[in-house]
Amino acid sequence: MTQSRTAYELAELLKKRNMKAASAESLTGGLVSKRITDIPGASQIFELGVCSYSNRIKHEVLGVSEETLEKYSEYSHECAREMAEGVRRLSGADIGIATTGLAGPSGGTEEKPVGTVYVGISTRNDTKSFELRLGEKLSREEIRVLSAEKALSLALKIISENQ
């Protein structure tokens, strides 16, 4: 697999700004962490990656509230934001990147079909979440890879905009 251009650009910007990142991944199962750590010198900018596939880990390790998981589910803006905040807090990083959603092939609903993904980005100043609708026609692997790339792209955009 080739290096991600987006991950490279993110790593360069983090180095330039003397910042560190951390990731909390459910849907992507470590792909965000992998993309970042594929970059030589990643130890300068990457603190921690948590693969929080279970709700128990989302709650106990990342601090996602039980209320959030019960009321909104693990596939929600609220969960993505709390995951991003939790991994940033846990690691002491400047930016937390989180992914959660439905990669399929089953598990989707009419309201949240397979391909529905939530990305959380938390900085010291703000936490945002984004919903991606990648579509049900993509394979599980395509959804996961696209989600990881989009998460990196959103992190890059947010850091670039915050001078």
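Residues numbered from 1 in each chain as written. Predicted model: local features only at pLDDT ≥ 70, side-chain atom pairs only at ≥ 80, totals over all residues. Heavy atoms only, no water.

K.L.:
Can you walk me through the pairing of strand S4 (residues 116-123) in this structure?
P.N.:
The side chains of a regular strand alternate between the sheet's two faces. Of all eight residues in S4, eight are buried, a share of seventy percent or more. Bridge count for strand S3 (residues 95-101) against S4 is seven bridges, and the pairing is antiparallel. Each residue of the ladder has a partner; that of Gly96, found in S4, is Ser122. Linking two consecutive strands that pair antiparallel, namely S4 and strand S5 (residues 127-133), is a turn of three residues. (Buried < 20%, exposed > 50% of the residue type's maximum accessible area, 1.4 Å probe, protein only. Helix = DSSP H or I, 4+ residues; strand = E, 2+ residues; numbered from the N terminus. Pairing = 2+ DSSP bridges.)

K.L.:
Hey, could you run me through the sheet that holds strand S1 (residues 21-25) in this one?
P.N.:
Pairing between the strands of a sheet is mediated by backbone hydrogen bonds and can be parallel or antiparallel. With mixed pairing, the five strands of this open sheet are ordered in space as S2-S1-S3-S4-S5. Of all strands in the sheet, those with a lone pairing partner are strand S2 (46-51) and S5, marking the two edges. Going from strand to strand, the sheet's axes swing by 15° on average, the running direction of each strand aside. Of the pairings in the sheet, the one linking S1 to S3 comprises five bridges and is parallel in character. Counted as the bridge partner of Ala24 is Ala98 from S3. The strands touched by helix H6 (residues 140-161) within the sheet are S3, S4 and S5, with S4 carrying the most contacts at an inclination of about 30°. (Axes fitted to C-alpha atoms, helices over the stretch in contact; angles between N-to-C directions. Contact = heavy atoms within 4.5 Å.)

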